[in-house]
Amino acid sequence: MTPPLNGETLCSLPAGGRFGCPLHRFGSVESTNLEALKLAARGAPEGTVVIADEQTAGRGRLNRSWQSPPGCNLYLSLVLRPAVEPAAAPQLTLTAGAAVAKALSRWCPGTVGVKWPNDVMIRDRKVCGILTEMRLSGGGISSVIVGIGVNVNIPRNELDPAFRAGATSLLEETGRATDRTVLAAALLEELETLYDLWIRDGFPAVRTHWLPYSVLTGKRIRVAFQDEVEEGTAVGLDEDGALLLEESPGARKRILAGDATILKES
Ligand code: BT5
């Protein structure tokens, strides 16, 4: 039996600092990002967290969906109000990715990776997706919602066959159930630390935490964005979070958005 999600425990855990209080806990919602956007529009402070047992319309990027059955996984959204330029907001996806990777490494040391821009992997399979949504007012950031979905206790055979081959869960990787409350607290603790670093020292400081987890670095990849497709070798991350792609020796391109796939070695 999967341990229940316990909002009170989450708030009282030492790790539940600024991030996670206030905590809004739901049984079933359409999307925790949607709830967090509504709360943010009503003035919810930075650090507000929405967490749900189930999502009936969990969202991925570009209107894709996120499989979100009840009773097993983590669906969490965080309200942030950083005083930075809107162009810097995508760095929060990378910041959250590094934080999730650090948290998951407590359960799976040495096998966790990040795949630019928004995936966290275990042994090259997606265990977590991150969706960052921003609202502007007067040209500046009003709020940024960072939504995080982690496959925790879902068995492999319940993952949608459409993406099962490339997905995994903590249960599959560790062989045992994980307490979602403990995982959520670990995640919020790592997030708060890296977010504070980002605010204080900027993205280059966070990048040093992200790069060691990168599964793309040194690989031949294809990046698709709308109708454009680029191929090359992933050689790192620029100071602002853009992916650096080497199309031919010495010819580097900055990629700001897209879906990356590793090409088979020929
Ligand atoms: C993402 O989009 O990976 C972002 C997912 C964010 C989900 C969280 S849950 C809490 C918060 N509230 C929300 O409504 N959303 C956030 P993207 O990179 O576009 O990947 C989506 C693709 O991942 C889908 O098209 C599927 O192929 C695959 N996918 C869907 N559900 C999955 C799952 N549970 N595990 C692994 N892969 C999944």
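Up top is the structure these notes are about.
Undergrad: Account for the site of the ligand, with residues named and values stated.
TA: Close contacts around the ligand come from 26 residues, with Ser31, Arg59, Arg64, Lys126 and Asn151 the closest. Interatomic distance of 2.7 Å between a side-chain N/O atom of serine 31 and an oxygen atom of the ligand. Asparagine 118 places a side-chain nitrogen or oxygen 3.0 Å from an oxygen atom of the ligand. Across the complex, the protein chains shield 91% of the 800 Å² of accessible surface that the ligand would expose by itself. With 4 residues, the top contributor of residues to the shell around the ligand is strand S6 (residues 125–137). Split by residue class, the shell around the ligand holds 7 nonpolar, 14 polar and 5 charged.

Undergrad: How would you summarise the sheet that holds strand S3 (residues 74–80) if you had to cite specific residues and measurements?
TA: The mixed open sheet is built from 7 strands, whose spatial order is S1-S2-S3-S7-S6-S5-S4. The open sheet has two free edges, formed respectively by strand S1 (23–29) and strand S4 (112–115), since each of these has just one partner strand. Across the sheet, the mean angle from the axis of one strand to that of its neighbour is 20 degrees, orientation sign disregarded. Pairing of S6 with strand S7 (residues 140–150), which is carried by 10 bridges, proceeds in the antiparallel orientation. Across the sheet, the residue bridging to glycine 129 is glycine 149, located in S7.

Undergrad: Describe the packing of helix H3 (residues 91–105) against helix H5 (residues 180–201), with residues and values.
TA: It is at 8 Å that the axes of H3 and H5 come closest, and there the two elements cross at 135 degrees. Accordingly, the angle class assigned to the pair H3 and H5 is oblique. Here the hand of the crossing between H3 and H5 comes out right-handed. Of the residues in H5, those in contact with Gln91, Leu92, Thr95, Ala96, Ala98, Ala99, Val100, Lys102, Ala103 and Leu104 of H3 are Leu183, Ala186, Leu187, Glu190, Leu191, Leu194, Tyr195 and Trp198. Grouping the amino acids of the contact of H3 with H5 by side-chain chemistry returns 14 nonpolar, 2 polar and 2 charged.

Definitions and cut-offs
- Residues numbered from 1 in each chain as written.
- Predicted model: local features only at pLDDT ≥ 70, side-chain atom pairs only at ≥ 80, totals over all residues.
- Heavy atoms only, no water.
- Near = heavy atom within 4 Å.
- Polar contact = N/O pair within 3.5 Å; in protein donor to acceptor, adjacent residues only side chain to side chain.
- Areas by Shrake-Rupley, 256 points an atom, 1.4 Å probe, with all protein chains shown as cover.
- Helix = DSSP H or I, 4+ residues; strand = E, 2+ residues; numbered from the N terminus.
- Nonpolar A, V, L, I, M, F, W, Y, C, P; charged D, E, K, R; others polar.
- Pairing = 2+ DSSP bridges.
- Axes fitted to C-alpha atoms, helices over the stretch in contact; angles between N-to-C directions.
- Parallel < 35°, antiparallel > 145°, perpendicular 65-115°, else oblique.
- Left-handed = near helix turned anticlockwise from the far one by under 90°.
- Contact = heavy atoms within 4.5 Å.

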